[in-house]
Amino acid sequence: MATTKIFPITATTGKAIAYIAKAEKTDNGRLISTYMCSRDPDKAAKEFAEVTATGTGRSTVLAQHFIMAFKPGEVTPERAMEIGKEMCEKYLKDQYQYFLAVHTDKGHVHLHCIFNNTNPVSYTHLRAHETRGNL
């Protein structure tokens, strides 16, 4: 069974995206998927910031960082990517930008998903209770 954790990003969305997108961790970028943002980490961070700037300004949380780690041999990197996409579809419901990356640089496969805390359509912020217990 996978271990999961989620935590807010309040200052460094660009650095977080750059970290999870590193080529040596993602099979040279093959294990990256995005929604409503670029696959290029710098461009994605700018696109996140543009959406955040349109928000209500009532939240200090810029994005959320979700991590799911699997036991060694539990899943292939490709299956981890499928699981990550399914999770995003189910809980973010095509309402938030995300940058998803599967890492294979450790003894186990794990995925990182950074998703914008601001909805690009309604400009409202994701509230923790909307995902708590669900992700």
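Rules used in this analysis
Residues numbered from 1 in each chain as written. Predicted model: local features only at pLDDT ≥ 70, side-chain atom pairs only at ≥ 80, totals over all residues. Heavy atoms only, no water. Helix = DSSP H or I, 4+ residues; strand = E, 2+ residues; numbered from the N terminus. Rg over C-alpha atoms; globule rule 2.2 N^0.38 Å. Salt bridge = Lys/Arg side-chain N within 4 Å of Asp/Glu carboxyl O. Buried < 20%, exposed > 50% of the residue type's maximum accessible area, 1.4 Å probe, protein only. Polar contact = N/O pair within 3.5 Å; in protein donor to acceptor, adjacent residues only side chain to side chain. Contact = heavy atoms within 4.5 Å. Pairing = 2+ DSSP bridges. Axes fitted to C-alpha atoms, helices over the stretch in contact; angles between N-to-C directions. Core = buried A, V, L, I, M, F, W, Y, C linked by side-chain atoms within 4.5 Å.

Caption draft 1: Region of the structure containing the overall build of the chain. If you tally the helices and strands in the chain, you get four helices and five strands. Ordered by position in the sequence, the α and β elements of the chain form the string β-α-β-α-β-α-β-β-α. The C-alpha radius of gyration computed for the chain amounts to 14 Å, which stays within 12% of the reference 14 Å derived for 135 residues, consistent with globular compactness. Overall, the C-alpha framework of the chain stretches about 45 × 30 × 20 Å when taken along its three principal axes.

Caption draft 2: Structural context of the pattern of salt bridges. Under the defined criterion, the tally for this structure stands at five salt bridges. The salt bridge partner of D27 is R30, with a shortest N-O separation of 2.5 Å. By relative accessible area, which is 37% here, D27 ends up partly exposed. Residue classification places R30 among the partly exposed positions, given a relative accessible area of 46%. Between E78 and R30 there is a salt bridge, with the nearest N and O atoms lying 3.0 Å from each other. Taken together, the residues span a long stretch of sequence, with E78 in helix α3 (residues 77–92) and R30 in the loop between α1 (13–20) and β2 (32–35) at a distance of 48 residues. Taken together, the shared-partner salt bridges in this structure form one network comprising D27, R30 and E78.

Caption draft 3: Representation of the side chain of H110. For H110, the position within the fold is in strand β5 (residues 110–116). Relative accessible area serves as the criterion here: at 6%, H110 is assigned to the buried category. For H110, the side chain forms a polar contact with the main-chain oxygen of H108, separated by 3.4 Å. Excluding its chain neighbours within four sequence positions, the residues that come into contact with H110 are M68, A69, F70, A101, V102, H103 and D105.

Caption draft 4: How the structure looks around the sheet that holds β5. Sheet architecture is open: five strands sit in the order β1-β3-β5-β4-β2, paired in antiparallel fashion. Whereas interior strands pair on both sides, the edge strands pair on one side only; in this sheet they are β1 (3–9) and β2. Put simply, the sheet's adjacent strands are angled 15° from each other on average, direction ignored. Helix-sheet contacts for helix α2 (residues 41–53) involve β4 (98–103) and β5, and the interaxial angle to β5 is about 40°. On the sheet, α3 packs against β2, β3 (63–69), β4 and β5 and is oriented at approximately 155° with respect to β4.

Caption draft 5: Quick peek at the nonpolar core. Residues F66, F70, Y98, V102, L111, C113 and F115 are the most contacted members of the largest nonpolar core, which totals 20 residues. When contributions to this core are tallied by element, the ones reaching two or more residues are β3, α3, β4 and β5. Element by element, the count of residues in this core is highest for α3, at six residues. For Y98, the residues in contact, after removing those within four places along its chain, are S33, T34, Y35, C37, F48, K85, C88, L92, C113, I114 and F115. If you look at the next biggest cluster of nonpolar residues, it comprises 14 residues, including I9, A44, F48 and A63.

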